[in-house]
Amino acid sequence: MTDLVERLVPDELWVLFRRVVPPTEVIRPQGGGRRRAGDRETLAAIIFVATSGCTWRQLPPAFGPSWQTVYRRFAQWSRARVWARLHRVILDELGSRGELDWSRCSIDSVSMRAAKGGH
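Every chain begins its residue count from 1, and numbering advances along the sequence as written. Residue-level local features of this predicted model are given only where pLDDT is at least 70; pairs of side-chain atoms are given and counted only at 80 or more, and the full residue set underlies all totals for whole chains, interfaces and linings. Side-chain numbers here rest on the full set of heavy atoms in the structure, without hydrogens or water.

Enquirer: Explain the packing of helix H2 (residues 11–20) against helix H3 (residues 39–52) to me, using residue names and the numbers behind them.
Expert: Only the contacting stretch of a helix is used when fitting its axis, a line to C-alpha atoms as for every element, and angles between N-to-C directions run 0 to 180 degrees. Secondary structure elements follow DSSP: runs of H or I no shorter than four residues count as helices, runs of E no shorter than two count as strands, and numbering proceeds from the N terminus. Between H2 and H3, whose axes approach to 11 Å, the crossing angle comes to 110°. Taken together, the axis directions place H2 and H3 in an arrangement best described as roughly perpendicular. Contacts between H2 and H3 involve Asp11, Leu13, Trp14 and Phe17 from the former and Asp39, Arg40, Leu43 and Ile47 from the latter. Grouping the constituent residues of the contact of H2 with H3 by class yields 5 nonpolar, no polar and 3 charged. Throughout this description, any angle smaller than 35 degrees is read as roughly parallel, any larger than 145 degrees as roughly antiparallel, any in the 65 to 115 degree range as roughly perpendicular, and the remainder as oblique. Note on contacts: a residue pair is in contact if any heavy atoms of the two residues lie within 4.5 Å. Note on residue classes: Ala, Val, Leu, Ile, Met, Phe, Trp, Tyr, Cys and Pro are nonpolar, Asp, Glu, Lys and Arg are charged, and everything else, Gly too, is polar.

If you want it as structure tokens, here you go:
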């Protein structure tokens, strides 16, 4: 399982992801309970679902966290805009290395507001 997680979430991506993911608060006033599933394993499972086309329920148990945990964390991170921040951090990192090819960049006119008068 470790090989799969490291292949889906290489160390470079993991370092960038840790910069944008909100800190976790584990509050158990009664004590005990299960140990929280690791963020790296959960991220690997999310990437697997996104790239394989399988449903959340079809997630192989080899990742560790249950599909419910993976989906719940995906929803939490989505609400916290982690994916947009991660996208920006990755673009910034690649740009600082000179590894972005802007020759294939396009802007969707629906997304960009035009200046009044078209200028």
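Enquirer: Tell me about the packing of aromatic side chains, residues and numbers included.
Expert: Two descriptors summarise a pair of aromatic rings, namely the distance from one centre to the other and the angle between the planes of the rings. For Phe, Tyr and Trp, where Trp contributes only its six-membered ring, two rings pair if their centres lie within 6.5 Å, and the inter-plane angle classes them as stacked under 30 degrees, edge-to-face over 60, or tilted in between. As enumerated under the stated definition, the model contains 8 aromatic pairs in all. With a centroid separation of 5.2 Å and 50° between ring planes, the pair formed by phenylalanine 48 and phenylalanine 63 is classed as tilted. Here phenylalanine 48, found in helix H3, pairs with phenylalanine 63, found in the loop between H3 and helix H4 (67–79); they are 15 residues apart in sequence, far enough to count as distant. When a residue's accessible area, from a 1.4 Å probe over protein chains only, is under 20% of the maximum for its type it is buried; when over 50% it is exposed; and in between it is partly exposed. Residue phenylalanine 48 is classed as partly exposed on the basis of its relative accessible area, which comes to 22%. Here the aromatic cluster, defined as three or more aromatic residues joined through ring pairs, consists of Trp14, Phe17, Trp56, Tyr71, Phe74, Trp77 and Trp83.

Enquirer: Account for the nonpolar core, naming residues and giving values.
Expert: Only buried residues count toward a nonpolar core. Its members are Ala, Val, Leu, Ile, Met, Phe, Trp, Tyr and Cys residues joined through side-chain atoms within 4.5 Å. Residues Val9, Phe17 and Trp77 are the most contacted members of the largest nonpolar core, which totals 22 residues. The set of elements that each furnish at least two residues to this core consists of helix H1 (2–8), H2, H3, H4 and helix H5 (82–97). Every residue in contact with tryptophan 77, bar those within four places of it in the chain, is listed here: Phe17, Val21, Pro22, Asp39, Thr42, Leu43, Ile46, Val82 and Trp83.

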